[in-house]
Structures are given as C-alpha cells and as structure tokens.
Amino acid sequence: RVRRQRQMCIRDSFVPWGNNLARPYQAADPNAVFEDLMYDEPGLAIIVEDLVRLQNLTPGGRLNSIRMHFQLHTIMADGNTVDRHAVAMVVRLIERVEDHGFRVMLAGLAYHYPADNPLWVAAQSEEEHWATQALWWRHIARALHHSPGVFAYELISEPATGEAQVSNGLAGWSGVPHDEYCAFGRNPQIGKHGRCFVQRIVRELAGRDRDELARDWTQLMVDAIRRRGSLQNDPRHLITIGMGGGPRVSTHFKTPGVLAQLDIVSPHLYPEAEDDGQSKIELATHLSALAPGKPVIVGETFPLRAGAETVERMISQICNKGTAQGWIGQYDGRRSGDPPARGQDDRAPEVFDAWYLLQRDLGIQMIDGGCPPWVP
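Throughout, a residue's number is its position along its own chain's written sequence, starting from 1. Only residues with pLDDT of at least 70 get local features here, since the model is predicted, and only at 80 or more are side-chain atom pairs given and counted; chain-wide, interface and lining totals rely on the full set of residues. Hydrogens are left out, water is left out, and the side-chain values use all remaining heavy atoms of the structure.

**Q** Just to check I follow, could you spell out the sheet that holds strand β6 (residues 150-157) for this structure?
**A** Two orientations exist for strands paired in a sheet by backbone hydrogen bonds: parallel and antiparallel. Only strands joined by at least two bridges in the DSSP assignment are considered to pair. Going along the chain from the N terminus, every DSSP run of H or I of four or more residues is numbered as a helix, and every run of E of two or more is numbered as a strand. Reading across the sheet, the 8 strands line up as β14-β13-β6-β5-β2-β1-β16-β15 and stay open at both edges, with parallel pairing between neighbours. The sheet is open, and its two edges are formed by β14 (266-267) and β15 (297-298), each paired on a single side. Sheet topology places strand β13 (residues 238-243) next to β14; 2 bridges connect them, and they run parallel. The residue bridging Met 243 from the neighbouring strand is Pro 267, located in β14. Residues are treated as being in contact if the distance between any of their heavy atoms lies within 4.5 Å. For every element, the axis is a line fit to its C-alpha atoms; helices are fit only across the contacting stretch, and the angle between N-to-C directions ranges from 0 to 180 degrees. Contacts between helix α5 (residues 84-99) and the sheet are confined to β2 (65-71), β5 (103-110) and β6, with β2 contributing the most and set at about 165 degrees to the helix. The strands touched by helix α12 (residues 348-367) are β1 (17-21) and β16 (326-329); relative to β1, the strand with the most contacts, the crossing angle is about 135 degrees.

Structure (structure tokens):
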C-alpha cells in the first residue's frame, strides 16, 4: 500500500491544484476554526458553503485539492488523553470534503490562537509537548488510514527550532506569550485576532544541535503515524512538513536528516517582486535535489509580495523543470468578482481575483499533468 500510494502522483497523474482553506470563512465568528463547527449539521453546512465556493471560484475553473488546518488542543481532552468523539468528527468532516470533489492535505498540530488554548499546552515540558503531538498524530492517522479523502499528512506548518518564549514556566510555542495573539491578520473592527503560523518545537536549546532536534522530532511524528507499537498504524498516506520559504523559517527542517523521513517535500513559495521570483525557483530546485525522487508539492503560494505575473513565471519555470508536482494557493472566502468580505481590505479582492484567474487559466493543464508555456 505504501508503494502504491507513493507512486500515485506519477502513475495516476494526480497533481494537487487548489487552495488553503485555513478557516471557515462563512462563520459568524471570524476566529472560528473547523473544530468549532464540525459537531452538528448546521456547523457543517457553514463549512460546506466554503467548499461550494471553492468549486466555483471562477467560471470554468477547476480545482481538486485543499489544505486544511486542525488545532492541537481541539481533539485532546488533556495532554495525555485524546477526545475520541472529536477525532470521529474530523473523519466525518473529511468525508464531507471528499463528497465535494476535493482531496485534503491535512495540516496538523496548529497553534493559531495561543490565548484560546487551554493552559496545559503552555505548561507542558518539551518532552510532554512532543508526546502529546505524537499522540495527536497516532490517533488522527489511525482514524483516517483508509480515507481516500486525504492525500497527505502535513506534520506541522512552518516549524522552527528557536526557543519558545517562556514566562513564569509557561511556553509561548508560537513566539508570543501563551495568553496573547500574533499580529498577522488582526482586525479589531470585526474582533478578529491575529493568527500565529510559525511554531517552535523546543522550550530551550540548551546547546543542542538544531538539525538533530528537527530530525528527532520528525522521526517521532512519522513513527506515530506509521506504527502502533509493533503493529502498523497508517502505512498508506503521504507525509510531509510545511516548510517556510524564507531563509530563516524552517531552516533546520530543510536538511537531509528530515527530508529522508518524508514522502513529499512541501515548501511555501511566495515570490518576491525584487528578483522576479528567482530565489523561490532556486529554493524549489535545491529542495528537490536534496530529496531526489520525492515529489515537491508547494503547500502555499500566492501573489503576496509580487504580482500574479511573477507567480505565473515561478510556476511555469518550476513545472517545466520538473521540480514541483503540485500547487496550493490561498482563498479569501469569496468567489472571483464578489465584493469584499466583512472587514476585508478593499484592495485584497483584486489580488485574490488575479490569483483565481491564474488558477483558472492554468488549471486544466496542471491537473492533467502538463505545464504552462515557459515564461522567461
């Protein structure tokens, strides 16, 4: 089964082409996560509104994948106990996503809103934290090991080996105090908290080698997914890590010791206008060379720091070089041409619409295993 799944991208020409569904955008609470809504039909219906929009972002558009983020604490009763009902609801939610024609890259262990997490998460020692994260993956993988709706498990998004911010014995795993929020995306007008993305895996370095820490943490998570004691747990689904594309993000996870344990490589590539995307093209080539034979699936891309034409150049060159085999962009809760969402910057829809149109124009070629024309 492992071999068949790992060969899927080549033999069956499955090319992920889709967007991040980072949160339920149609929820009344701008800070809602999927786990807040997955327990009943009215809540699921709110999530389905986003799935329907993603199916029809532009006339003639075609997507086959989404990346979904699930929080560490929401399926845990405490650091040592899994909430089995919550796990069952995650499975049901993935089935609903599959019903709408998408396959999921399931990003786990999210810590988006530190102040909304129970205190036990911040109080954990590093050893306890790693054990809880491994327990999370063991149970999620066991519940989904037969699921055709998942194409990959992303162990964690943008991990870092820098020290957590510790105050009074409580760890800020996302680099801010445990009772605060990060700044990105903050919108006080609608009560929206900022969201944290980068997450530390250690409380303190204490002179330890960062490459070894990244390797050991990855090995523990992979073992949790693949094995249950002496028995197999989930030998089927592909495993990756969401790697930040900046020079100081996820640096120690872009190493041979980590990449050797993964089935696919998943960098986040936001091209820069200053170099016309060249540094991200070179990063993708570098990571592909470090992990020969392993597909590169870009887990995040978008015209964030450059125009859509620069993103197209990057996709074109990376695809034609055979470096990457899938692309997942960003979604803002609207269809192309819709007015701004509540509290949204009036300029943002134009950027998202440009991305949606690019996805439409390239989608059929990409999903069918082809590449767009080379853009010099």
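**Q** Please explain the nonpolar core as it appears in this structure.
**A** With 95 residues, the main nonpolar core has Met 68, Leu 106, Trp 136, Trp 137, Leu 155 and Trp 217 as its most contacted residues. Those residues within four positions of Leu 106 in sequence are excluded, and the remaining contacts are Met 68, Phe 70, Ile 94, Trp 136, Trp 137, Ile 140, Leu 144, Ala 152, Tyr 153 and Glu 154. Counting residues in each nonpolar core, the second largest holds 8 residues, with Phe 14, Ala 152, Leu 238 and Ile 297 among its members. In this text, buried Ala, Val, Leu, Ile, Met, Phe, Trp, Tyr and Cys residues form a nonpolar core when linked through side-chain atoms within 4.5 Å. Burial classification: accessible surface area is computed with a 1.4 Å probe over protein chains only, and a residue below 20% of its type maximum counts as buried, one above 50% as exposed, and the rest as partly exposed.

**Q** Explain the side chain of His 69 here, please?
**A** Position of His 69 relative to the elements: it lies in strand β2. Among the polar contacts listed, one links the side chain of His 69 to the side chain of Asn 20, at a separation of 3.0 Å. Here His 69 is in contact with Asn 20, Leu 21, Ala 22, Phe 34, Glu 35, Ala 107 and His 112, once residues within four sequence places are set aside. Here a polar contact means two N or O atoms within 3.5 Å. Within protein one must be a hydrogen donor candidate and the other an acceptor candidate, and residues neighboring in sequence count only if both atoms are side-chain atoms.

**Q** Explanation requested: the pattern of salt bridges in the structure shown.
**A** It is possible for side chains of opposite charge to pair when their charged atoms get near one another. By definition, a salt bridge exists where a carboxyl oxygen of Asp or Glu is found within 4 Å of a side-chain nitrogen of Lys or Arg. In the structure shown here, the tally under the stated rule is 15 salt bridges. Between Asp 368 and Arg 62 there is a salt bridge; the shortest N-O distance is 3.5 Å. Separated by 306 residues along the polypeptide, Asp 368 in the segment after α12 and Arg 62 in the loop between α4 (41-55) and β2 bring together distant segments of the chain. Judged by its relative accessible area of 37%, Arg 62 falls in the partly exposed class. Between Arg 360 and Asp 361 there is a salt bridge, and its shortest N-O distance comes to 2.9 Å. Beyond isolated ion pairs, a larger network of salt bridges with shared partners links Glu 41, Arg 92 and Arg 96.

**Q** When you look at empty space enclosed by the protein in this model, what are you seeing that I'm missing?
**A** Take a probe with the size of a water molecule and roll it over the atoms, and the empty space left behind shows itself. Grid points spaced at 1 Å and placed over the protein atoms alone form the basis of the search, with a cavity being a set where a 1.4 Å probe fits but cannot get out and a pocket an open set showing protein on both sides within 12 Å along at least five of seven lines. Lining residues have an atom within 4 Å of a point. Grid points are joined across faces, edges and corners, and a volume is the space filled by probe spheres set on the points. Under the defined criterion, the tally for this structure stands at 2 cavities of 30 Å³ or more. Here the largest cavity is characterised by a volume of approximately 90 Å³. Lining the largest cavity are 14 residues, and of these Ala 110, Tyr 111, His 112, Ser 157 and Phe 197 sit closest to its centre. Elements that contribute at least two residues to the lining of the largest cavity include exactly β2, β5 and β6. Gly falls in the polar group here, along with every residue not listed as nonpolar (Ala, Val, Leu, Ile, Met, Phe, Trp, Tyr, Cys, Pro) or charged (Asp, Glu, Lys, Arg). Tallied by class, residues from the lining of the largest cavity come to 8 nonpolar, 6 polar and no charged. Reported here for the second largest cavity is a volume of approximately 70 Å³.

**Q** So what exactly am I meant to see when it comes to the state of the cysteines here?
**A** Cysteine pairs can be linked by a disulfide, which is a covalent bond between their two sulfur atoms. When two cysteine sulfur atoms are found within 2.5 Å, that pair is recorded as a disulfide. Overall, the coordinates contain 2 disulfides when judged by the stated rule. Residue pairing for Cys 182: its cysteine sulfur links by disulfide to Cys 196, the two sulfurs lying 2.0 Å apart. On the sign convention where negative is left-handed, the bridge of Cys 182 and Cys 196, at about 100 degrees about the S-S bond, is right-handed. Pair noted here: Cys 182 is in the loop between β9 (170-172) and β10 (199-202) and Cys 196 is in the loop between β9 and β10, with a separation of 14 residues, a long-range link. Comparing Cys 182 with Cys 196, the two get one shared label, buried.

**Q** Where do I start with unusual backbone geometry in this structure?
**A** Excluding glycine, residues mostly carry a negative phi; peptide bonds, for their part, are mostly trans. Even without being a glycine, Leu 109 presents a positive backbone phi close to 65 degrees. With respect to the helices and strands, the residue Leu 109 is situated in strand β5. Phi at Ser 250 is positive, roughly 60 degrees, even though this residue is not glycine. Assessed through its relative accessible area of 1%, Ser 250 is described here as buried.

**Q** Explain the packing of helix α7 (residues 126-144) against helix α8 (residues 210-226) here, please?
**A** Any two packed helices are characterised by the angle at which their axes cross and by the distance between the axes. Where α7 contacts α8, the two axes come as close as 7 Å, and the packing angle between them is 35 degrees. Crossing angle aside, the handedness with which α7 passes α8 is right-handed. Facing α7, whose interface residues are Glu 126, Trp 130, Gln 133, Ala 134, Trp 137, Arg 138 and Ala 141, α8 presents Leu 213, Asp 216, Trp 217, Leu 220, Met 221, Ala 224 and Ile 225. Here the contact of α7 with α8 is composed, by residue class, of 10 nonpolar, 1 polar and 3 charged. By the definition used in this description, the sense in which the near helix is turned from the far one sets the handedness, with an anticlockwise turn below a right angle giving left-handed and a clockwise turn giving right-handed.

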